[in-house]
Amino acid sequence: MEQVFAGVSVQVNDEGYLTDFSQWTREVGEDMAQKEGITMTDKHWEVINYLQEQERNEVPLTIRKIGKSGVVNIKEFYALFPNGPLKVSSKIAGIPKPVSCI
Amino acid sequence: MAAEAAQKAADKPVKKMMLILSKATLDNVYACFILANGARMEGIESEIFFTFFGLEAIQKEKLKNLHVATVGNPAMHMPTMLGGLPGMEALATKMMKNEMEKLDIPPVDEFLEILSASGTKLWACKLAMDMFHLEKNKLIDDLDGVLTVGDFYARAKGDGTHVLFI
C-alpha cells in the first residue's frame, strides 16, 4: 500500500515498513519517527545509520548485536526508541522488520 | 452489543508479563529469559520472579554452570538410564550452548545484563531465599529486590497483565 511521509508517497507493507529502500530519505525517516512520537537527535541518526549499514551487509539484527555495536548501549537504545526499540528503529531506517526473537 | 464488547476485550493488547521461574535447568531459564526479553522488544513491560530452584539462575556462583536436564526430559529422545550416565548432561549442555551461540542467544550472565538494561525487573523470592539460607550478596548485582508472593501479585495489578509460571 501507499503512504505519504514528508510529502512523498512511498510503498509500505501492512505493518508500515518500507518495501523499497530506494524510496527512503532522511526526511521520510524523520516524518516516520514523528508519527511514532520520536523527535530525532544526532544519537538517533547514529543508530539509524548503523542499522542501515548492517542491512547493507546482510547482518541479521538482534538486541545483543546492538548492545555490542559500540554505537549505543541497550539502556540508551530503549530510551531512544521506546515501545519496541528494534522494531521502531528498523521502521524509521526503512529496513525490514527484524525476525529474531532475541 | 455483547459481541462488540467481546471483540473489544479480545483486541486488548498484553501490557505486562509477570514471569515466575521456579527451575534452573538451562531449557527453562532460556524460555523465561527469551519471553521476558521478547516482551520488552515489543514494548511490553516484563518482570521475573525467581523462586525455588529458579534462584540458581541469579546466584553469581551458580548461574554460569546451569545444565540441560537429560534425565526425566522426554524431549531428549534418549533412554532415561542413558541420560543419567556421567558426562551426558555436560555433553548435551555443550551442544545446546553451541547452537545458541549461532543464533546470537547470550550466555546466562550476559542475558541477565541485557534484561536489566532493557527494563525487565528481576526479583528474588523471599521465602525461597530463607529456605535455602541464601544471603542477598550471593545474588547478582542487577537484582531489583527481594519480594514476597504478595508483593509480586501487587505489582501485577492493572489491565493487560499476564502471569506465567515456568
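Because the structure is a prediction, the values reported are computed rather than measured. (Residues numbered from 1 in each chain as written. Chains lettered and ligands numbered in written order. Predicted model: local features only at pLDDT ≥ 70, side-chain atom pairs only at ≥ 80, totals over all residues. Heavy atoms only, no water.)

Draft legend 1. Summary view of the pairing of strand β2 (residues 45-50) of chain B. Residues and elements named next belong to chain B. With respect to burial, β2 is a largely interior element, 5 of its 6 residues being buried. In this region the chain leaves strand β1 (residues 16-21), passes through helix α2 (residues 26-41) and returns to the parallel neighbour β2; the handedness of that crossover is right-handed. Pairing of β2 with strand β3 (residues 121-125) involves 4 bridges; the strand directions are parallel. Across the sheet, the residue bridging to F50 is A124, located in β3. (Buried < 20%, exposed > 50% of the residue type's maximum accessible area, 1.4 Å probe, protein only. Helix = DSSP H or I, 4+ residues; strand = E, 2+ residues; numbered from the N terminus. Right-handed = clockwise from strand over helix to strand, strands pointing away. Pairing = 2+ DSSP bridges.)

Draft legend 2. A look at the environment of A31 of chain B. Residue placement: A31 of chain B occurs in helix α2. A C-alpha to C-alpha distance of 9.5 Å links A31 of chain B and L21 of chain B, two positions 10 residues apart in sequence.

Draft legend 3. Seen up close, the environment of V146 of chain B. Residues and elements named next belong to chain B. Looking at the element boundaries, V146 is found in strand β4 (residues 145-147). Here V146 falls in the partly exposed class, since its relative accessible area comes to 32%. It is 18 Å that separates the C-alpha atoms of V146 and A24, two residues lying 122 residues apart in sequence. The residues touching V146, leaving out its near neighbours within four places in the chain, are A124, C125, K126, M129 and K136. (Contact = heavy atoms within 4.5 Å.)

Draft legend 4. Up close: unusual backbone geometry. Residues and elements named next belong to chain B. One non-glycine residue, F52, adopts positive backbone phi at about 45°. Along the chain, the position of F52 falls in the loop between β2 and α3 (80-83). Here F52 falls in the partly exposed class, since its relative accessible area comes to 39%. If you check the backbone angles, H133 has positive phi at about 50° while not being a glycine. Looking at the secondary structure, you find H133 in the loop between α6 (126-131) and β4.

Draft legend 5. Representation of a nonpolar patch on the surface in the model. Together, F52, F53, M131 and F132 of chain B line one region of the surface with nonpolar side chains, adding up to about 380 Å² of accessible area. Tracing the backbone through its elements, the reader meets M131 of chain B in helix α6. (Patch = residues over 30% accessible without salt bridge, like charges linked within 9 Å, V, L, I, M, F, W, Y side chains within 5 Å. Areas by Shrake-Rupley, 256 points an atom, 1.4 Å probe, with all protein chains shown as cover. Salt bridge = Lys/Arg side-chain N within 4 Å of Asp/Glu carboxyl O.)

Draft legend 6. Expanded view of the sheet that holds β4 of chain B. Residue and element names in this part refer to chain B. Ordered by their spatial adjacency, 5 strands build an open sheet running β4-β3-β2-β1-β5, and the pairing between neighbours is parallel. The two strands at the open ends of the sheet, each matched to only one other strand, are β4 and β5 (161-165). Adjacent strand axes in the sheet meet at a mean angle of 25° when their direction is disregarded. With 3 bridges joining them, β3 and β4 adopt parallel strand pairing. What sits directly across from W123, in β4, is G145. Here α2 sits on the sheet and contacts β1, β2 and β5; the angle it forms with β2, its principal contact strand, is near 155°. (Axes fitted to C-alpha atoms, helices over the stretch in contact; angles between N-to-C directions.)

Draft legend 7. Expanded view of the confidence of the model for chain B. The pLDDT averaged across chain B works out to 92; a share of 99% of its residues lies at or above 70. As scored by the predictor, the complex reaches a pTM of 0.91 and an ipTM of 0.91. (pLDDT = per-residue confidence, 0-100.)

Draft legend 8. Just the side chain of E47 of chain B, in detail. Residue and element names in this part refer to chain B. Among the secondary structure elements, E47 is positioned in strand β2. On the basis of relative accessible area, E47 is assigned to the buried category, the value being 2%. Discounting residues that sit within four places of it in the chain, E47 has contacts with K16, M17, M18, L19, T120, K121, W123 and R155.

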